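Each chain, written out:
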Protein chains: 2
Amino acid sequence: MQTLHVELGERRYPIFIGSQLDPKALLEPFIHGRQVMIVTNETVAPLYLLHYQASIEALGKTVAVCTLPDGEKYKNIEHLNLIFDALLEAGFNRDCTVLALGGGVIGDMAGFASACFQRGVYFIQVPTTLLSQVDSSVGGKTGINHPLGKNMIGAFQQPQVVMADMAQLITLPERELSAGLAEVIKYALLGDLDFLSWLEMNMDGLVGRDPVLLAEAVYRSCAHKARIVANDEKEQGERALLNLGHTFGHAIESYMGYGVWLHGEAVATGMVMAADLSHRMGWISLEDLERTKKIILRANLPIRCPKIPLDDFLAYMSHDKKVMNGQLRLVLMKQLGQAVITKEFDAELMKQAILANQQ
Amino acid sequence: MQTLHVELGERRYPIFIGSQLDPKALLEPFIHGRQVMIVTNETVAPLYLLHYQASIEALGKTVAVCTLPDGEKYKNIEHLNLIFDALLEAGFNRDCTVLALGGGVIGDMAGFASACFQRGVYFIQVPTTLLSQVDSSVGGKTGINHPLGKNMIGAFQQPQVVMADMAQLITLPERELSAGLAEVIKYALLGDLDFLSWLEMNMDGLVGRDPVLLAEAVYRSCAHKARIVANDEKEQGERALLNLGHTFGHAIESYMGYGVWLHGEAVATGMVMAADLSHRMGWISLEDLERTKKIILRANLPIRCPKIPLDDFLAYMSHDKKVMNGQLRLVLMKQLGQAVITKEFDAELMKQAILANQQ
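Residues numbered from 1 in each chain as written. Chains lettered and ligands numbered in written order. Predicted model: local features only at pLDDT ≥ 70, side-chain atom pairs only at ≥ 80, totals over all residues. Heavy atoms only, no water.

**Student:** With reference to specific residues and values, describe the overall build of chain A.
**Tutor:** Per the secondary structure count, chain A includes 13 helices and eleven strands. Each principal axis of the C-alpha atoms in chain A carries an extent, and together these give about 60 × 40 × 35 Å. Burial statistics for chain A: of 359 residues in total, 64% are counted as buried. For chain A, the exposed surface amounts to about 12700 Å²; the carbon and sulfur share of it is 50%. In chain A, the 32 positive side-chain charges and the 40 negative ones have mean positions that sit 3 Å from each other. (Helix = DSSP H or I, 4+ residues; strand = E, 2+ residues; numbered from the N terminus. Buried < 20%, exposed > 50% of the residue type's maximum accessible area, 1.4 Å probe, protein only. Areas by Shrake-Rupley, 256 points an atom, 1.4 Å probe, with all protein chains shown as cover. Lys, Arg positive; Asp, Glu negative; His and termini not counted. Charge placed at Lys NZ, Arg CZ, Asp CG, Glu CD.)

**Student:** Go over the packing of helix H12 (residues 310–318) of chain B against helix H13 (residues 347–356) of chain B with me, naming the residues and quoting the values.
**Tutor:** All names here are of chain B. Taken N-terminus to C-terminus, the directions of H12 and H13 make an angle of 115 degrees; their axes are 11 Å apart at the nearest point. In terms of their interaxial angle, H12 and H13 are classed as roughly perpendicular. Considering how the two elements wind past one another, H12 and H13 form a crossing that is right-handed. Residue-level contacts link Leu310, Phe313, Leu314 and Met317 of H12 to Met350, Lys351, Ile354 and Leu355 of H13. For the contact of H12 with H13, a count of residues per class yields seven nonpolar, no polar and one charged. (Axes fitted to C-alpha atoms, helices over the stretch in contact; angles between N-to-C directions. Parallel < 35°, antiparallel > 145°, perpendicular 65-115°, else oblique. Left-handed = near helix turned anticlockwise from the far one by under 90°. Contact = heavy atoms within 4.5 Å. Nonpolar A, V, L, I, M, F, W, Y, C, P; charged D, E, K, R; others polar.)

**Student:** Please provide a residue-by-residue account of the pairing of strand S10 (residues 330–335) of chain A, values included.
**Tutor:** Alignment of S10 of chain A against strand S11 (residues 338–342) of chain A, held across five bridges, turns out to be antiparallel. Paired with methionine 333 of chain A across the strands is alanine 339 of chain A, a residue of S11 of chain A. (Pairing = 2+ DSSP bridges.)

**Student:** I'd like to hear about helix H8 (residues 211–231) of chain A, residue by residue, with values.
**Tutor:** Residues and elements named next belong to chain A. In this model H8 runs 30 Å from its N-terminal to its C-terminal C-alpha over 21 residues, within 8% of the 30 Å that 1.5 Å per residue would give. Taken together, the buried positions of H8 are occupied by Leu213, Leu214, Ala215, Ala217, Val218, Ser221, Cys222, His224, Lys225, Ala226, Ile228 and Val229. Contact partners of the buried residues in H8: strand S1 (2–6), strand S2 (13–18), helix H5 (130–136), helix H6 (174–191) and helix H7 (193–207). By the N-cap criterion, in which a side-chain oxygen at the helix start approaches the backbone nitrogen of a residue two or three places on, H8 is capped by aspartate 210, the distance to valine 212 being 2.9 Å. (Expected span 1.5 Å × (residues − 1). Polar contact = N/O pair within 3.5 Å; in protein donor to acceptor, adjacent residues only side chain to side chain.)

**Student:** Requested: an account of the pairing of strand S2 (residues 13–18) of chain B, with residues and values cited.
**Tutor:** Residue and element names in this part refer to chain B. Within S2, six of the six residues are buried, which leaves it mostly tucked inside the rest of the structure. Along S2, one buried face is formed by Tyr13, Ile15 and Ile17 and the opposite face, lined by Pro14, Phe16 and Gly18, is buried too. Pairing of strand S1 (residues 2–6) with S2, which is carried by five bridges, proceeds in the antiparallel orientation. When the bridges of S2 are listed, histidine 5 appears paired with proline 14. Between S1 and S2, which pair antiparallel in sequence order, lie six residues; one of them, glycine 9, sits at a positive phi of approximately 60 degrees. In the sheet, S2 pairs with strand S9 (residues 161–165) via four bridges, with the strands oriented parallel. The residue bridging phenylalanine 16 from the neighbouring strand is methionine 163, located in S9.

**Student:** Explain helix H3 (residues 77–89) of chain A to me, using residue names and the numbers behind them.
**Tutor:** All names here are of chain A. Between the first and last C-alpha of H3 there are 18 Å, a value that for 13 residues agrees with the 18 Å anticipated at 1.5 Å per step. The complete set of buried residues in H3 reads Ile77, His79, Leu80, Asn81, Ile83, Phe84, Ala86, Leu87 and Leu88. After H3 finishes, the residue glycine 91 shows a positive phi value of roughly 70 degrees.

**Student:** I'd love a proper account of the packing of aromatic side chains, names of residues and values included.
**Tutor:** Here the distance between the centres and the angle between the planes together describe a pair of aromatic rings. Counted according to the given criterion, the structure contains four aromatic pairs over all chains. Taking the centre distance of 6.2 Å and the plane angle of 65 degrees together, the rings of phenylalanine 16 of chain B and phenylalanine 30 of chain B count as edge-to-face. Residue phenylalanine 16 of chain B is located in strand S2, and its partner phenylalanine 30 of chain B is located in the loop between helix H1 (23–27) and strand S3 (35–41); the two are separated by 14 residues in the primary sequence. Classification of phenylalanine 16 of chain B as buried rests on a relative accessible area of 9%. Over the aromatic face of tryptophan 283 of chain A sits the side chain of lysine 334 of chain A, whose NZ or CZ is 3.9 Å from the ring centroid. (Phe/Tyr/Trp six-rings, centres within 6.5 Å; stacked < 30°, edge-to-face > 60°. Lys NZ or Arg CZ within 6 Å of the ring centre and 35° of its normal.)

**Student:** Go over the sheet that holds strand S3 (residues 35–41) of chain A with me, naming the residues and quoting the values.
**Tutor:** Residues and elements named next belong to chain A. If you walk across this open sheet you meet the seven strands as S1-S2-S9-S6-S5-S3-S4, and the pairing is mixed. Of all the strands in the sheet, just S1 and strand S4 (62–68) have a single pairing partner and so form its edges. Taken over all neighbouring pairs, the strand axes of this sheet differ in orientation by 15 degrees on average, direction set aside. Strands in contact with H8 are S1 and S2; relative to S1, the strand with the most contacts, it is inclined by about 15 degrees.

**Student:** Before we move on, could you go through the domain arrangement of chain A and cite the residues and values that matter?
**Tutor:** Residues and elements named next belong to chain A. Each domain of chain A was delimited in the assignment, giving domain 1 (2–171) and domain 2 (174–356). The gap between the C-alpha centroids of domain 1 and domain 2 is 26 Å. On the domain 2 side, the residues contacting the 33 residues of domain 1 number 34 residues. Interface area for domain 1 against domain 2, summed over the two sides, is near 3100 Å², with a carbon-plus-sulfur share of 65%. Contact with domain 2 buries area across many residues of domain 1, yet Leu130, Val134 and Lys150 alone supply 20% of it, more than any other trio. Between the two partners, domain 1 and domain 2, sit three salt bridges. Close ionic contact of glutamate 253 with lysine 150 constitutes a salt bridge, the shortest N to O distance being 3.4 Å. Across the contact surface, domain 1 and domain 2 share seven residue pairs in polar contact (both at pLDDT 80 or more). (Domains from an automatic or database assignment. Buried area = accessible area lost by both parts, 1.4 Å probe. Salt bridge = Lys/Arg side-chain N within 4 Å of Asp/Glu carboxyl O.)

**Student:** Kindly report on the pattern of salt bridges, identifying the contributing residues and their values.
**Tutor:** Residue and element names in this part refer to chain A. Summed over the entire model, instances satisfying the criterion amount to 26 salt bridges over all chains. The partner of aspartate 204 in a salt bridge is arginine 298, and the shortest N-O contact between them spans 3.3 Å. Of this pair, aspartate 204 sits in helix H7 while arginine 298 is found in helix H11 (residues 286–298), placing the two residues 94 residues apart along the sequence. Classification of arginine 298 by relative accessible area gives partly exposed; the value is 26%. Because the salt bridges share partners, they merge into one network encompassing Asp135, Glu183, Lys186 and Lys225.

Here it is, written out as structure tokens:
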């Protein structure tokens, strides 16, 4: 097992990365109060709930469970409210711990609920998908969607601890494994050319779910994110680089309807659009663009999105949080492996980059 | 005009207290971004909305308005969501300011919405009731109710500035003026015997809405709360003293149904119950208890609540946030003008204190 610490002063917390991890021993120091609410979904519960529930009950804790339907389309205020209902019906008070057992949607919703319940209780994250292990379990961003935009309502809520168990990735559907790899690739493209070379060497093994390679990819991705988040917890600057591919990706996800495309799939195509625009701006070469597309394709990810009317696409982009004073900012690549956040791009070239990567 | 600063490090903010204050001049330095959402209610809007809207538009800002129905019963997740709808329909991004124009309910909801929208935008509070001027505009507590308990869902969100205009109290209904005086009396009872004497001298003038006396009462109350909050922002210790009367009061409010009794009315009777229990514990004299009841009565506040079955009363109290590890803690008076938070009280005497102050 490897341990990574996210350095956030008094909110510093560890990420445990390994295989067949023991929740009883690892989580005990991080559970506050006597009451633990496990928030999970209908897909994860039959696989892993009993193990976690029994492990925590063996610590003498009272465990209640809130099982939500599975899917991004349930990441809304109505289903958030089901968590509050469960907490209050079980008589939980402010000295309790909420444990997220599931992917990014469960982590976002359980985390946001823990930030709001009684104005804030303790939070533990057990991400069960590759995507949530490398991305949404690090950084404290939680929240829900709104019909007019993704992640529009939320809070910064740091967990007490994150436990990422590679053994749980065996049951992950192929599409979701690939979606997780999209975020892994993102860390290479935004700031680590060595990691890109490593991925080019090991992508077949990652797609084949080699647990040692997966653990290494998760560790390197988390280390990148942890470093960036520690420097910029509230996303004033450097942290925005983590949104490489996301502004385009959010437009794709929003237009398609939440949950039709997986987040990682939309980000993959979004990264192609960002790379394409970076190329059209003269910042990266055609070879760099092709190299970006190739590693994304090798992870079984889409490099084009369906035909979306340009006006709709732009309208959804303008709802993105990187709009500042009405001016769109994008994360682009000044060089391959070196992303920047900028409003200095050509709007016409951006439209071309969007259209060129649609079916 | 008097200015009080709430000392919270980098989240330090001023409270302006006066009459006929100029929003354009006073608020300009505290508005972030070009977009301002005024959240108000159907009672306050016809009286004060145009003045604020025009003043802020005169600063070159885009102003949108979200007008909610008036009343504690609308302080729920459905009506919170209307604020998010309004923000997104108006195309607001994360660089915007939410201004609460109304009483405590509007302040709590607008504040919570500003804490969650885009994971946090800027917040300005213009409290238009005496209660919200002396209490809910100081301290950063925001939130909504749940059918199983008051203020169960929320956030700590500090405003950029608070503007308390005594001229707005002229239109306040009598019951609401009294409800505000309940919280003023609370500051005297919990920590300032001199202030209690001042209130005993000036209560008739306060009920008669003398603006100079009201400003003084608001200033002294806010100063007390600001000092306590600055010492203990997240309610780990001293701040819990501010809940004098609130655990009993929450039970009354919850049982009656939100909005049937005003918050201040419930707190008034709750303070009588707390004083009664303090007397039964031998901590304050019968004369102190009578003095407590008398100042509450002189503010036209109830010293008894309707008959509520004891089991229901206790069940609602146990949902209160001052329950720690299943053990109820109460704010009681060790002496008149000196409150403590304690779990060292006799449960039987507590039941007697509840029953003795019902009709």
